[in-house]
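Single-letter residue listing:
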Amino acid sequence: MAKKIEEFKKEKEIFLEHIQKAGLRRTAQRDLILEIFLRTEAHLTSEDLYWLVQKRDPSVGHTTVYRTLKLLTEAGLAREVRFGDNKTYYEHHYNHEHHDHMICTECGKVIEFFSPEIEAMQDAAAEKFGFKPTHHSLRLWGVCEECQQKASESHPSMPSGAQPRVRVRTVVGNKLLY
Ligand SMILES: [Zn+2]
Ligand SMILES: [Zn+2]
Ligand SMILES: [Zn+2]
């Protein structure tokens with residue numbers, strides 16, 4: 001699962017080129033934020049990333065983390081994704097295959113999936129309307145397998161049609177971030 005060092009090298013080059021174009025300086029703090037972002041294979045808010053960065057360098061401010069994430073997005077290294085809890089999450093974009101998401105409204109687990117059939121159907125639908133899609137984000141909200149099992153063990157679920165609150169749980173590797 002660990003990414004190759006040369007890959008990070010390419011990503012670092014892309015970032016450096018981008019900040020130079022933006023008229024910004026390369027700083028140790030930005031380098032650290034990039035490094036930690038690249039090493040974390042997860043959906044992270046800027047808050048999540050801030051706490052990870054804090055463990056390594058408590059002098060890095062939240063604003064710096066937020067701005068750096070914006071730069072990473074502009075540079076095409078990160079992409080934004082939303083799961084319906086009014087937060088913006090970031091995930092790796094560069095060299096990462098397109099995928100869509102399923103979000104468990106009970107435990108907040110986010111499952112990544114890819115379906116060539118669905119992708120093809122979306123393209124066909126767009127073509128029918130003479131629409132040129134640039135990107136898309138397909139999200140399914142529902143209840144994951146584990147939570148369905150838990151629910152059937154305890155008591156019946158909420159009335160259908162009720163809009164559950166989404167609370168996304170950030171998982172890094174197999175460990176909860178906090
Ligand atoms: Zn898709
Ligand atoms: Zn769940
Ligand atoms: Zn994802």
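Everything that follows concerns the structure shown earlier in this document.
About the thresholds
Residues numbered from 1 in each chain as written. Chains lettered and ligands numbered in written order. Predicted model: local features only at pLDDT ≥ 70, side-chain atom pairs only at ≥ 80, totals over all residues. Heavy atoms only, no water. Salt bridge = Lys/Arg side-chain N within 4 Å of Asp/Glu carboxyl O. Helix = DSSP H or I, 4+ residues; strand = E, 2+ residues; numbered from the N terminus. Buried < 20%, exposed > 50% of the residue type's maximum accessible area, 1.4 Å probe, protein only. Donors = N, O, S within 2.8 Å, 3.2 Å for Na, K, Ca; no water. Pairing = 2+ DSSP bridges. Tetrahedral: all angles 85-135°; square planar, octahedral: opposite > 155°, others 65-115°.

1. Looking at the pattern of salt bridges
Now for step 1: One pass over the structure, following the stated rule, counts 8 salt bridges.
Now for step 2: A salt bridge links Glu-80 to Lys-70; its shortest N-O distance comes to 2.7 Å. Of the two residues, Glu-80 sits in strand S1 (residues 78-82) while Lys-70 sits in helix H4 (residues 62-74), which places them 10 residues apart along the sequence.
Now for step 3: In this structure Glu-80 comes out as partly exposed when scored by relative accessible area, which is 30%.

2. Observations regarding the coordination of the zinc ion (ligand 3)
Think of it this way: four donors in a tetrahedron around the metal ideally sit 109.5 degrees apart, and six in an octahedron ideally sit 90 or 180 degrees apart.
Now for step 1: The zinc ion (ligand 3) binds to the protein through His-43 (NE2), Glu-91 (OE), His-99 (NE2), His-101 (NE2) and Glu-112 (OE); the donor distances cover 1.9 to 2.1 Å.
Now for step 2: Sequence spacing among the residues donating to the zinc ion (ligand 3) works out to H-x47-E-x7-H-x1-H-x10-E. On the criterion of sequence distance, the pair formed by His-43 in the loop between helix H2 (28-39) and helix H3 (46-56) and His-99 in the loop between strand S2 (88-92) and strand S3 (100-104) is long-range, its members being 56 residues apart. Neither His-43 nor His-99 differs from the other in exposure class; each is buried.

3. Some thoughts on the pairing of S2
Successive side chains on a regular strand alternate, one facing one side of the sheet and the next facing the other.
Now for step 1: Here S2 lies mainly inside the structure; 4 of its 5 residues are buried.
Now for step 2: Pairing of S1 with S2 involves 5 bridges; the strand directions are antiparallel. Its bridge partner being in S2, Glu-80 is matched across the sheet by Tyr-90.

4. Let's talk about the coordination of the zinc ion (ligand 2)
Now for step 1: The zinc ion (ligand 2) binds to the protein through Cys-104 (SG), Cys-107 (SG), Cys-144 (SG) and Cys-147 (SG), with metal-donor distances spanning 2.3 Å.
Now for step 2: Around the zinc ion (ligand 2) sit 4 donor atoms, and with donor-metal-donor angles ranging over 104 to 120 degrees the site reads as tetrahedral.

5. Overview of unusual backbone geometry
Only a minority of non-glycine residues have a phi that is not negative, and only a minority of peptide bonds are not trans.
Now for step 1: Located in the positive-phi region is Asn-86, a residue other than glycine, with phi close to 65 degrees.
Now for step 2: Here Asn-86 shows up in the loop between S1 and S2.
Now for step 3: Here the phi dihedral of Asn-95 falls at roughly 65 degrees; this positive angle occurs in a residue that is not glycine.

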